[in-house]
Structures are given as C-alpha cells and as structure tokens.
Protein chains: 2
Amino acid sequence: MDLKAKIPSPTVKRLSLYFRELGERRAVDSDATMSSRQLGDALGFSDAQVRKDLAFVGQLGHPGVGYSVTLLHDNLRRILGRDRSWEAALVGAGNIGRALLSYRRFEVQNFHITRVFDNNPATIGSTISERSVLDISELERELADAGTHLGIIAVPAQDAQAIAERLIGVGVGGILNFAPRRLEVDESVAVLNVDFSLTLEQLAFQVNLGRNDPAREGESS
Amino acid sequence: MDLKAKIPSPTVKRLSLYFRELGERRAVDSDATMSSRQLGDALGFSDAQVRKDLAFVGQLGHPGVGYSVTLLHDNLRRILGRDRSWEAALVGAGNIGRALLSYRRFEVQNFHITRVFDNNPATIGSTISERSVLDISELERELADAGTHLGIIAVPAQDAQAIAERLIGVGVGGILNFAPRRLEVDESVAVLNVDFSLTLEQLAFQVNLGRNDPAREGESS
DNA sequence: TCATGTGAAAGAATTCACAGCA
DNA sequence: TGCTGTGAATTCTTTCACATGA
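Residues numbered from 1 in each chain as written. Chains lettered and ligands numbered in written order. Predicted model: local features only at pLDDT ≥ 70, side-chain atom pairs only at ≥ 80, totals over all residues. Heavy atoms only, no water.

Another point: the overall build of chain A. On a plain count of helices and strands, chain A comes out with nine helices and ten strands. With the C-alpha coordinates aligned to their principal axes, the bounding extent of chain A is approximately 65 × 45 × 35 Å. Relative to its 221 residues, chain A shows a buried fraction of 50%. Summed over all atoms, the accessible surface of chain A reaches about 9900 Å², with 49% contributed by carbon and sulfur. The positive charge centre, built from 25 side chains, and the negative charge centre, built from 29, are 4 Å apart in chain A. (Helix = DSSP H or I, 4+ residues; strand = E, 2+ residues; numbered from the N terminus. Buried < 20%, exposed > 50% of the residue type's maximum accessible area, 1.4 Å probe, protein only. Areas by Shrake-Rupley, 256 points an atom, 1.4 Å probe, with all protein chains shown as cover. Lys, Arg positive; Asp, Glu negative; His and termini not counted. Charge placed at Lys NZ, Arg CZ, Asp CG, Glu CD.)

Now the structure itself:
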C-alpha cells in the first residue's frame, strides 16, 4: 500500500523484533494494545525509537491508547513479506546445513527448504530431516522452473562464489551465505552473510577490553 | 598500548574482515604490502573507509607504499584479542550446538569449546565431536574454577535467560546467544545474538520489494 | 492524563578532498 | 606519482521535545 519509501536497514531489523513480540502477545490476548513504551521495554529500545520505526508502517497508533496488537502485527506481516511462502534451496549438507534443515522454526514461519544439494557422493541420495540430498550437478535441472526464491549457501569458502552464480543463474532473488567469503553478485540480488567466526571475534573483542558498550549490548549480529 | 579510544562497532566488524584478508595474503607472501584500495576492493569497502578504520589501529601505513601485511596483521591480532586463547562453554547440544562443535575453523582461531552441557538424559554422557556431554545440573560445579571466558547458548528460547544467568554466575564475560530471545544481563557482560529467523526475514524483506539496496548488499548480518 | 506522530537537534558513520610524505 | 592520514562535508540514525488527539 504505502511502503514506497525505503525503510532503513536498522529499522527493518527492529520491525522483525516487533513482529515477533507482537505475535507472542497476540497469542495470549488478541484484543490487547501496546504502547511504544511497552514494546520498547520488552526489547530494549526507547519509546521514541519504536514510534519512529512504526511510522514507516503507517499511522496505526491511537494517542492515549497505543497500538492494537492485532492490527500492527498484521501490517508488519505484510510489510515484512511474511504473508507469503518462501521456498529456499540449500547447498551444502554439512553441519550447518543439517542444523538448518532441522530448525523447526523455519517451517512455522513459512520458510521452506525444498531442495538440498551436496557434492559428497557419500551424502548424495541420503535423507536428512525428510529431504533427500541431491547431486549438486543437478542444481540447474532441479531448480530451472522451480521458482525457488532463496538460496542458502553452506559450503566451504572456496566454492561459495561459484554456487552463488549458479543459484542466481536459476533465478533466486536472495542468498543467505554461511561461507566466510564475500560474494560478488549483481546488485539486484540480495545477500546476507552469517559468519560465526566473525561473530565470535566481535564478542572476544568486546570482552577483551572494549569494556562492553552498553548501547550495543543487545545487538543482533 | 593505544586503543584507549573506543572503536566504533561497525569498524570492529571490518577490522575482523581485514584481519582475515591479511592472514590469507600473508600466507602467500609474508613480505607483501597492501594499499587501502587493494584491501578495500577485496572486501567491498572504499579506500577511505579502510584508512579511517586502520587509523584506530595506529599509524602503520607508509605513504606511497601502503601497509605491511605482516605488521598490520600482527597489530590487528593484538587489538582483536586474537593473541590469546578463548575457552567457551556450550549449553545445548541440539542441532546448532552440534554444528558449532564440529566447526573446525574455531580451533584454528584459538576458540575452544571445552565443555558441553545439555538437559536431555538421552544426550548426556554421549560424545559429540570428541567432547562428552555433561548434565546441565553440573554447570556450576564444572565451571566454578575453570576460568571459562565465553558462554554459548543454544537452548530453546524459554530457557535462555536462566542459562545466561547461570553462566554469568560462574564468571563468563561474554555470551553468544542463538536463542531468539533478548537476554537481560548486566552491562558488564557482552552479549551477541545470532538469530537465523531474523536473518532470513531480513533477506525476505529485501527480496520482497525493498529492491535490494546496493549499499547494504554485502552486509554481514 | 496518556500516548502518538513528527519536526528539530544531536550524534554516528561514511565519504570527500587534499596536504604531505616516499 | 602513489598512497597515507585527517579535517571538513555529508549522509544516516537516534534522541529530544512538544503539538495534538483520545
């Protein structure tokens, strides 16, 4: 509807958190309202921050009352793209891949890992969390017309770029990259990196001497 | 030595990336130099950005030449706290926990998961990646004088806060939290959250309509 | 009185642009 | 010429503060 204006990335992160919080509240009391202060306190943000963020969603609050939990939740769902189903292809059935496959939360949230690829002959053909592992060489054939929306890369660093290109070749619009390697892709493709080593390193730095900056504390990496 | 001035969090993230890149370069040619442009190009940052970041490390560059790979690498190692060993306790031997236990990269980087706890009787006593799983009720006894530096929480959301408090009770200075729940802890404890659902959601949002903002593309979540 | 929505102010982070050194 | 280090300018984000509505 609105949402022409582009939403800043820090705000999008927080919108996801609001969405989750509202979902939990809604399950308990679907008629509830929450003020920006309540929502902020629950997540560690200021009330002003919450209001500014929610302004991107629309004018949904009622002065003196707060926000309708249900209304806000529904609107966030739409804006965050959670009102549709997402199909993802996973490449790499190693430890991280397996963890993702068994992550129940994804299914609940309409993220479906529909195909799994690997290049290890010992793994190909086996079944992991009810999905059978396909040969990586079949990637193009399997995904050509599958309309897969997202790719998840969980392969060694040196293979990541090539896999990314193949995934983009079959039309995925976004990539979740677990390999510790920057992917060079066209700007029309969204890439998000998850890098455990990097995250641990950030933590170590903070503990080491950066006598932890409180403002950053809850920071979602 | 220096490093009294607090380094901004975005800079710390990039310093880790520089450190990794320099390590790879160093392995090939330990006498190499790199300019801020070369380093930036490799990682997708501007040369000015690189120089600003490296200014926090000290005045290590040589005009007309660049930075000595070895010198810069060594200095970053110290600043990032990588010149020492880190011991971590893992709580939760589920899928994520197992993936972390088998993640080879950690050992190489001097991060050692020395204890593993779970509350599942079927898992307790078993061996995962050469570490035997301890009963969560033994946490305090096991860690009391162990001098463990970091805690890794990979338990269901509803247990996360309690585990965090127990870990802090035995003296860990930092927590890596995989549970989709904000931890309320004293500000002297560093917390970093890794939240797959949140990350996938960010990606979905970008793909959905936020016709991917190029500036954010390589963003490490 | 309580709480939203939003301009204005402040604060952070990035980019620019250039003096100065090798 | 090539490249660093850094103030100045710019852009992005958060916080403040208050007019307005219920």
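After a rotation of 180° and a shift along the axis of 0.0 Å, chain B superposes on chain A with an RMSD of 0.1 Å. On the angle and the small slide along the axis, the relation comes out as a two-fold axis. Of the interface residues in chain B, 100% have counterparts in chain A that sit at the interface too, so the contact is made through matching surfaces. (Least-squares fit on C-alpha atoms with pLDDT ≥ 70 in both. Contact = heavy atoms within 4.5 Å.)

Time to look at helix α8 (residues 157–169) of chain A. Residue and element names in this part refer to chain A. For α8, with 13 residues, the first-to-last C-alpha span of 19 Å sits near the 18 Å given by 1.5 Å per residue. For α8, every residue scored as buried is listed here: A157, A160, I163, A164 and L167. Summarising the contacts, the buried residues of α8 are in contact with β4 (86–91), α7 (139–143), β8 (150–153) and β9 (174–177). The first or second residue beyond α8 is G171, which carries a positive phi of 100°. (Expected span 1.5 Å × (residues − 1).)

Counting through the fold element by element, A146 of chain B comes out in the loop between α7 (139–143) and β8 (150–153). Look past the residues within four positions of A146 of chain B in its chain and what remains in contact with it is E87 and R115 of chain B.

Attention now goes to the domain arrangement of chain A. Partitioning chain A into domains gives domain 1 (9–79) and domain 2 (86–198). Relative placement of domain 1 of chain A and domain 2 of chain A: their C-alpha centres are 32 Å apart. (Domains from an automatic or database assignment.)

Moving on, we get to the sheet that holds strand β2 (residues 61–62) of chain B. Sheet strands associate in pairs through backbone hydrogen bonding, adopting either a parallel or an antiparallel arrangement. Residues and elements named next belong to chain B. Spatially, three strands are ordered β1-β3-β2 in an open sheet, and the strand pairing comes out antiparallel. Bordering the open sheet on either side are β1 (33–34) and β2, each of which pairs with just one other strand. Direction of pairing for β2 relative to strand β3 (residues 66–68): antiparallel, over a ladder of two bridges. Within β3, the position partnered with G61 by the bridge is Y67. Contacting β1 and β3, helix α4 (residues 69–79) runs over the sheet at an angle of about 70° to β3. (Pairing = 2+ DSSP bridges. Axes fitted to C-alpha atoms, helices over the stretch in contact; angles between N-to-C directions.)

Attention now moves to the sheet that holds strand β6 (residues 127–128) of chain A. All names here are of chain A. Spatially, seven strands are ordered β6-β7-β5-β4-β8-β9-β10 in an open sheet, and the strand pairing comes out mixed. A single partner strand is all that each edge strand has here, and the edge strands are β6 and β10 (190–193). Taken together, the three bridges between strand β5 (residues 111–118) and strand β7 (residues 131–135) define a ladder with parallel strand orientation. Bridge pairing links V116 to V133 in β7. Across the sheet, α8 touches β4, β8 and β9, and the angle it forms with β8 is around 165°.

Taken as a whole and assessed by the stated rule, the structure comprises eleven aromatic pairs over all chains. A centroid spacing of 6.3 Å and a plane angle of 50° characterise the contact between F178 of chain A and F196 of chain A, whose relative ring orientation is tilted. Remark: F196 of chain A occurs in helix α9 (residues 196–208) and F178 of chain A occurs in the loop between β9 and β10; sequence separation between them is 18 residues. Residue F178 of chain A is classed as buried on the basis of its relative accessible area of 4%. Ring plane angle 65° and centroid distance 6.3 Å describe the contact between F196 of chain A and F196 of chain B, whose orientation is recorded as edge-to-face. Of the two residues, F196 of chain A is situated in helix α9 and F196 of chain B in helix α9 (residues 196–208); the pairing between them involves two chains. The exposure classification of F196 of chain A matches that of F196 of chain B, with both residues buried. Feature note: the residues Y103, F106, F178 and F196 of chain A together with Y103, F106, F178 and F196 of chain B constitute an aromatic cluster, connected by ring pairs. The ring of F45 of chain A has R14 of chain A lying over it, and the distance from NZ or CZ to the ring centre is 5.9 Å. (Phe/Tyr/Trp six-rings, centres within 6.5 Å; stacked < 30°, edge-to-face > 60°. Lys NZ or Arg CZ within 6 Å of the ring centre and 35° of its normal.)

Generally speaking, soluble globular proteins have nonpolar side chains that are buried together. Judged by nonpolar contacts, the single largest core of 54 residues is most densely connected at L100, F178 and F196 of chain A together with L100, F178 and F196 of chain B. Beyond its immediate chain neighbours, meaning those up to four positions away, L100 of chain B contacts F196 of chain A together with L90, F106, I113, I152 and F178 of chain B. (Core = buried A, V, L, I, M, F, W, Y, C linked by side-chain atoms within 4.5 Å.)

Around DNA strand C, a shell composed of 23 residues is seen, among which S36, R51, Q59 and Y67 of chain A together with R14 of chain B lie nearest. Backbone atoms, meaning sugar and phosphate, make up 63% of the atoms of DNA strand C lying within 4 Å of the protein. At 3.4 Å from a phosphate oxygen of DNA strand C is found a main-chain nitrogen or oxygen belonging to L60 of chain A. In the environment of DNA strand C, a phosphate oxygen lies 2.8 Å from a nitrogen or oxygen atom belonging to the side chain of R14 of chain B. Listed by contribution, the elements that provide at least two residues to the surface near DNA strand C are α3 (47–55), β2 (61–62) and β3 (66–68) of chain A together with α1 (9–28) and α3 (47–55) of chain B. No other element matches α3 of chain B, which puts four residues into the surface near DNA strand C. When its residues are assigned to classes, the surface near DNA strand C shows eight nonpolar, nine polar and six charged. (Near = heavy atom within 4 Å. Polar contact = N/O pair within 3.5 Å; in protein donor to acceptor, adjacent residues only side chain to side chain. Nonpolar A, V, L, I, M, F, W, Y, C, P; charged D, E, K, R; others polar.)

One frequent convention defines the size of an interface as the accessible area lost when the parts assemble. Facing the 76 residues of chain B at the interface are 76 residues of chain A. Remark: the boundary between chain B and chain A carries six salt bridges. The partner of R82 of chain A in a salt bridge is E201 of chain B, with the nearest N and O atoms 2.0 Å apart. Secondary structure elements with two or more residues in the side of chain B that touches chain A: α1, α2 (36–43), α4, α5 (95–101), α6 (104–108), β9 (174–177), β10 (190–193) and α9 of chain B. Among the elements that make up the side of chain B that touches chain A, the one with the highest residue count is α9 of chain B (13 residues). Here the side of chain B that touches chain A is built from residues that sort into 37 nonpolar, 20 polar and 19 charged. (Salt bridge = Lys/Arg side-chain N within 4 Å of Asp/Glu carboxyl O.)

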